[in-house]
Amino acid sequence: MTAADLLIRDADLVVTMDEALGDLPGGWVAVTGGLITGLGTAADPPPPALKAVDAGGCLVTPGLVNSHQHLYQNLTRSGDRPDLDGSLEAWFWHYFGMWSQLDEEAVRLSTAVGMAELAWSGCTTTVDHLYLHPRPGLLDAQIDEAARLGMRFTAVRGTMTMGEQNGGICPDHLAEDEDAYLADCERLFARHHDPAPSAMVRVAFGPTNLLSCTPSTMTRTAELADRLAVRLHTHVADDPEEHAFVTARYERRPLEVLDSLGWLTERTWCAHVVYPSTAEMALLAERGVGVSHCPSSTVIGGGLPGGPTPVREMLDAGIAVGIGCDGATAADHQSLWMETKTAMLLARLRGGTADAMPAREALWMATRGGARAIGREGEVGVLRHAACGDLAVWRMDTLPYAGALADPVTALFNCGPTWAWHTVVGGRFLVEDGEPRITGLDETLRRHRETERRIQGVTAPSL
Ligand SMILES: [Zn+2]
């Protein structure tokens, strides 16, 4: 029998999230050449392996999939600004000056810090939506950094093209030329995009929203994505101010405008969608549009028209709903575990019952739902033969889980807080024995702090 590269063995439970395989008590997972090459229960003999890890006392799940993020925002983390009166527009303008200083060093550091924190929370695949390009080459630097860290990555080439002088919510100096943006999309696609099922890097296109992008940018991006067969991403229906702006300018609701611009197709996944109508949810399901649910940024920002996002209703309508941390200026933490727990709690608050969002369904959103939303169904977010060898190992014999033997999946999110004990991407450890295995993390944090002060204009150490 050929030896596997890695064997995670003797777990209390392996939750595959695969309908046919189900849960594997006393289970094991083998990874070879970056892919899963075997799974079994305690009754099935595992293969020999070059590296075998005892997962006794642990729950094993697919690695979590982060379907929406702006990593650069961890340079201006914790953006509570009571003086801005809850205004999204005022919030943007407050930060645009800081964010316009983004350079390659800042992108590399924020990517390293964000991806390390995400990996620590059990995340193995992340999206990043970089829509600020004050200097060229920032997405190239970010893709290079993701490869160095070993995180599976969907890099969204975002943009803003509707500056203030054209009525948009974007400083004119940050508004990009539409042709130059589209040319850069093509360049990035040619240089970095890998369509293979085991790809470490995919490229997607993402005009940031209807507040700061022209209709022409939206339409031409959708046409380009169609021609190149890549995914489309944007923000929509995330704030009452966006709703007011779009309905005043276009005399239609935001999702209707996106539809008119050719965006409601199976290529697209949208961040937020906080207040869809019943008809809009049916339309999103029918068109195969995915949703990235980012509960913390919605709650922290106070943008809750009609109550928490109708996640239960969206799932029941058949929409692929994933979980996203969103940028750390709005959502502060970068733990996909915590974001998943928050999504579960808010859906229960809205539904009025625990059945409104069982922990296992929350895990489905953080794995299968996210994978489907970003177009990687069957490749990530599931443990099955030939899927990517991406998994999270959670210690259940620790203090937060003492006494929670009844159902480890329910315990994973009902209890806590926690961090992943191991996080594995393609058979490689990003977190091992509870510690991020990121080369030079201490130095990265020191330089991140220096850059954070520079960007925020803080001259003395903040305490
Ligand atoms: Zn966002």
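None of the values given here were measured: they were computed from a predicted structure.

Draft legend 1. Just the overall build of the chain, in detail. If you tally the helices and strands in the chain, you get 14 helices and 19 strands. Its C-alpha radius of gyration of 21 Å places the chain within 12% of the 23 Å reference for a compact globule of 463 residues. Along the first, second and third principal axes, the C-alpha atoms of the chain reach 65 × 50 × 45 Å. Counting only residues that meet the buried cut, the chain has 59% of its 463 residues in that class. Measuring between centres, the 37 positive side-chain charges of the chain sit 3 Å from its 60 negative side-chain charges.

Draft legend 2. Structural detail: helix α14 (residues 441-456). Its 16 residues place the ends of α14 22 Å apart at the C-alpha level, agreeing with the 22 Å of an ideal helix rising 1.5 Å per residue. Turning to α14, its buried residues number three or more, namely Thr444, His448, Thr451, Glu452 and Ile455. Seen along its axis, α14 keeps its buried residues to an arc of 110°; they face one direction. Once α14 ends, the next one or two residues include Gly457, with phi positive near 70°.

Draft legend 3. Quick peek at the coordination of the zinc ion. Bound to the zinc ion on the protein side are His68 (NE2), His70 (NE2), His235 (NE2) and Asp326 (OD), at distances that span 2.1 to 2.4 Å. Seen from the zinc ion, its four donor atoms lie at angles of 91 to 175°, and the figure they make is irregular.

Draft legend 4. Layout of the nonpolar core. With 110 residues, the main nonpolar core has Trp99, Leu102, Leu132, Phe205, Leu258 and Trp394 as its most contacted residues. Residue-level mapping places this core at the junction of two domains, with at least three residues from each of domain 1 (4-63 + 382-432) and domain 2 (64-373). Excluding residues that lie within four positions of it along the chain, Leu258 makes contacts with Leu210, Met218, Thr234, Val236, Trp263, Leu264 and Cys270. Counting residues in hydrophobic clusters, the runner-up holds 20 residues, among them Leu6, Ala55, Val382 and Ala387.

Draft legend 5. The domain arrangement of the chain, seen in detail. On domain assignment, one finds that the chain holds domain 1 (4-63 + 382-432) and domain 2 (64-373). Taking only C-alpha atoms into account, the centre of domain 1 sits 29 Å from that of domain 2. Contact with domain 1, which involves 35 residues of that partner, is made by 31 residues of domain 2. One can count three salt bridges joining domain 1 with domain 2. With its nearest N and O atoms 3.4 Å apart, the salt bridge here joins Arg368 to Glu19.

Draft legend 6. Looking closely at helix α1 (residues 88-99). In a regular helix each residue adds 1.5 Å, so 12 residues correspond to 16 Å; α1 covers 16 Å between its end C-alpha atoms and thus fits that length. Structurally, α1 contributes buried residues whose contacts are with α6 (240-250) and α14. Its side-chain oxygen 3.4 Å from the backbone nitrogen of Glu89, Ser87 forms the N-cap of α1.

Draft legend 7. View of the pairing of strand β9 (residues 123-130). Here β9 lies mainly inside the structure; eight of its eight residues are buried. Pairing of strand β8 (residues 64-66) with β9, which is carried by three bridges, proceeds in the parallel orientation. Bridged to Leu64 within β9 is Cys123. Where β9 lies against strand β10 (residues 152-159), six bridges are found, and the strand directions are parallel. Across the sheet, the residue bridging to Thr126 is Phe153, located in β10.

Draft legend 8. Seen up close, empty space enclosed by the protein. Per the counting criterion, the structure on display carries two cavities of 30 Å³ or more. The wall of the largest cavity is formed by 10 residues, among which His293, Pro295, Pro308, Thr309 and Leu346 lie closest to the centre. Those elements that provide at least two residues to the lining of the largest cavity are α9 (295-301) and α11 (336-351). The element best represented in the lining of the largest cavity is α9, accounting for three residues. The residue inventory of the lining of the largest cavity, partitioned by class, reads seven nonpolar, three polar and no charged. A volume near 30 Å³ is recorded for the second largest cavity. Lining the second largest cavity, in full, are Phe92, Phe96, Met160, Ile169, Thr208, Asn209, Leu211 and Ser212. Taken together, the residues of the lining of the second largest cavity break down into five nonpolar, three polar and no charged.

Draft legend 9. Broad picture of the sheet that holds strand β1 (residues 4-9). Spatial strand order, β5-β4-β1-β6: four strands in an open sheet with mixed pairing. Looking at the sheet topology across the chains shown, the edges are occupied by β5 (35-40) and β6 (49-54). The mean angle between the axes of side-by-side strands here comes to 20°, regardless of whether they run parallel or antiparallel. Pairing of β1 with strand β4 (residues 28-32), which is carried by three bridges, proceeds in the antiparallel orientation. Each bridged residue has a counterpart across the sheet, and for Ile8 the counterpart in β4 is Val29.

Draft legend 10. A look at the sheet that holds strand β3 (residues 23-25). Spatial ordering of the open sheet is given by β3-β2-β7-β16-β17-β18-β19, a layout of seven strands whose pairing is mixed. Each edge of the open sheet carries a strand with a single partner, namely β3 and β19 (435-436). Of the strand pairs in this sheet, strand β18 (residues 428-432) and β19 are connected by two bridges, and their pairing is antiparallel. Considered in β19, the bridge of Val431 is made with Pro436.

Draft legend 11. Local environment of the side chain of Ser67. Looking at where Ser67 falls in the secondary structure, it is placed in the loop between β8 and α1. A distance of 2.8 Å separates a polar side-chain atom of Ser67 from the backbone oxygen of Ile323. Excluding residues that lie within four positions of it along the chain, Ser67 makes contacts with Val127, His233, Trp269, Ser292, Gly322, Ile323, Gly324 and Ile374.

Draft legend 12. Structural context of the layout of surface pockets. Approximately 170 Å³ is the volume attributed to the second largest pocket. Forming the boundary of the second largest pocket are 13 residues, of which His193, Arg202, Ala229, Arg231 and Gly375 lie nearest the centre. Among the elements that take part in the lining of the second largest pocket, strand β11 (residues 201-207) stands out by supplying three residues, more than any other. Split into classes, the residues belonging to the lining of the second largest pocket amount to six nonpolar, three polar and four charged.

Conventions adopted
Residues numbered from 1 in each chain as written. Predicted model: local features only at pLDDT ≥ 70, side-chain atom pairs only at ≥ 80, totals over all residues. Heavy atoms only, no water. Helix = DSSP H or I, 4+ residues; strand = E, 2+ residues; numbered from the N terminus. Rg over C-alpha atoms; globule rule 2.2 N^0.38 Å. Buried < 20%, exposed > 50% of the residue type's maximum accessible area, 1.4 Å probe, protein only. Lys, Arg positive; Asp, Glu negative; His and termini not counted. Charge placed at Lys NZ, Arg CZ, Asp CG, Glu CD. Expected span 1.5 Å × (residues − 1). Arc of directions from axis to C-beta. Donors = N, O, S within 2.8 Å, 3.2 Å for Na, K, Ca; no water. Tetrahedral: all angles 85-135°; square planar, octahedral: opposite > 155°, others 65-115°. Core = buried A, V, L, I, M, F, W, Y, C linked by side-chain atoms within 4.5 Å. Domains from an automatic or database assignment. Contact = heavy atoms within 4.5 Å. Salt bridge = Lys/Arg side-chain N within 4 Å of Asp/Glu carboxyl O. Polar contact = N/O pair within 3.5 Å; in protein donor to acceptor, adjacent residues only side chain to side chain. Pairing = 2+ DSSP bridges. 1 Å grid on protein atoms, 1.4 Å probe; cavity = no way out; pocket = protein on both sides within 12 Å on 5 of 7 lines; lining within 4 Å. Points joined across faces, edges and corners; volume = space filled by probe spheres on them. Nonpolar A, V, L, I, M, F, W, Y, C, P; charged D, E, K, R; others polar. Axes fitted to C-alpha atoms, helices over the stretch in contact; angles between N-to-C directions.

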